[in-house]
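# Residue-level structural notes
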Amino acid sequence: MGETSASSFPIGKLAILLAVLQEHEWKKVIEQELASQDFRYTIGRVGAMDMIKVIAAIETAAKSNHIIDPGSYREVHSLYHAIIEAIQSIGRGIVQFGDILRTVGLTFAIVRGKMSGAVEHEGEWIAVCAYGTIGAPKKGFEHEAIGFGFNHI
């Protein structure tokens, strides 16, 4: 993994910016920063009324883009916890979509790598950020939401 400088963004902040800036020209700057720190990352989109479909889309993206090793229970489990944490943030603590006729339309980012900071941390970490809308399954009846999850691998 690459060295990080005091001016470089940490892994979590980069995951958040990557998800939020997908439609913005600054996305390229974030991707350059991710590359300079040797982070692995991927971006995807999911729209669903079912939490299981959201989890599956994020997990599938992580596996198919080699962010995690699908044969490693430890890596899959770490990703799962980061996803659940992000979804709980979107649902305001309780996953409030699906059965109560709420839907989400999300752009998600998954970032994996070493965590920088004042303390040396062992191993790698995974950050999941999902940004988009949540609301009634009718155009115009939704609002913005963001969720973030972070876990060690």
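For the structure, see preceding data.
Before going into details, it helps to say that this report is about the structure given with it. Note that the structure is predicted; figures quoted are calculated from it, not measured.

## Details of the overall build of the chain
When you go through the chain residue by residue, the secondary structure sums to four helices and four strands. What you see in the chain, going N to C, is helices and strands ordered as α-α-β-α-α-β-β-β. When burial is assessed residue by residue, the chain has 41% of its 153 residues classed as buried. For the chain, long-range pairs separated by at least 24 residues make up 65% of all intrachain contacts whose partners lie at least 6 apart in sequence. Accessible surface for the chain amounts to roughly 8400 Å². Of this, 55% is attributable to carbon and sulfur atoms.

## A closer look at the packing of helix α3 (residues 51-64) against helix α4 (residues 73-90)
When two helices pack together, their arrangement is captured by the angle between the axes and the distance separating the axes. Close contact between α3 and α4 brings their axes to 10 Å; oriented N to C, the two are set at 135 degrees. Our classification of the angle between α3 and α4 gives oblique. Crossing geometry of α3 relative to α4 is assigned as right-handed. The residues of α4 that touch α3, namely those facing M51, V54, I55, I58, E59, A62 and K63, are V76, L79, Y80, I83, I84 and I87.

## Points about the pattern of salt bridges
Following the criterion strictly, the structure yields six salt bridges and no others. Between R45 and E23 there is a salt bridge; the shortest N-O distance is 2.2 Å. With R45 in strand β1 (residues 40-48) and E23 in the loop between α1 (11-20) and α2 (27-36), this residue pair connects regions lying 22 residues apart in the sequence. Judged by its relative accessible area of 67%, E23 is exposed. E124 is the salt-bridge partner of R40, the closest N and O atoms lying 3.8 Å from each other.

## A few points about the packing of α1 against α2
Interaxial distance between α1 and α2 falls to 9 Å at its minimum, and their mutual angle equals 150 degrees. When the axes of α1 and α2 are compared, the pair comes out roughly antiparallel. Classified by chirality, the crossing of α2 by α1 is left-handed. Side by side, α1 and α2 meet where L14, L17 and L18 of the first sit next to I30, E31, E33 and L34 of the second. Considered class by class, the residues forming the contact of α1 with α2 number five nonpolar, no polar and two charged.

The rules behind these values
Residues numbered from 1 in each chain as written. Predicted model: local features only at pLDDT ≥ 70, side-chain atom pairs only at ≥ 80, totals over all residues. Heavy atoms only, no water. Helix = DSSP H or I, 4+ residues; strand = E, 2+ residues; numbered from the N terminus. Buried < 20%, exposed > 50% of the residue type's maximum accessible area, 1.4 Å probe, protein only. Contact = heavy atoms within 4.5 Å. Areas by Shrake-Rupley, 256 points an atom, 1.4 Å probe, with all protein chains shown as cover. Axes fitted to C-alpha atoms, helices over the stretch in contact; angles between N-to-C directions. Parallel < 35°, antiparallel > 145°, perpendicular 65-115°, else oblique. Left-handed = near helix turned anticlockwise from the far one by under 90°. Salt bridge = Lys/Arg side-chain N within 4 Å of Asp/Glu carboxyl O. Nonpolar A, V, L, I, M, F, W, Y, C, P; charged D, E, K, R; others polar.

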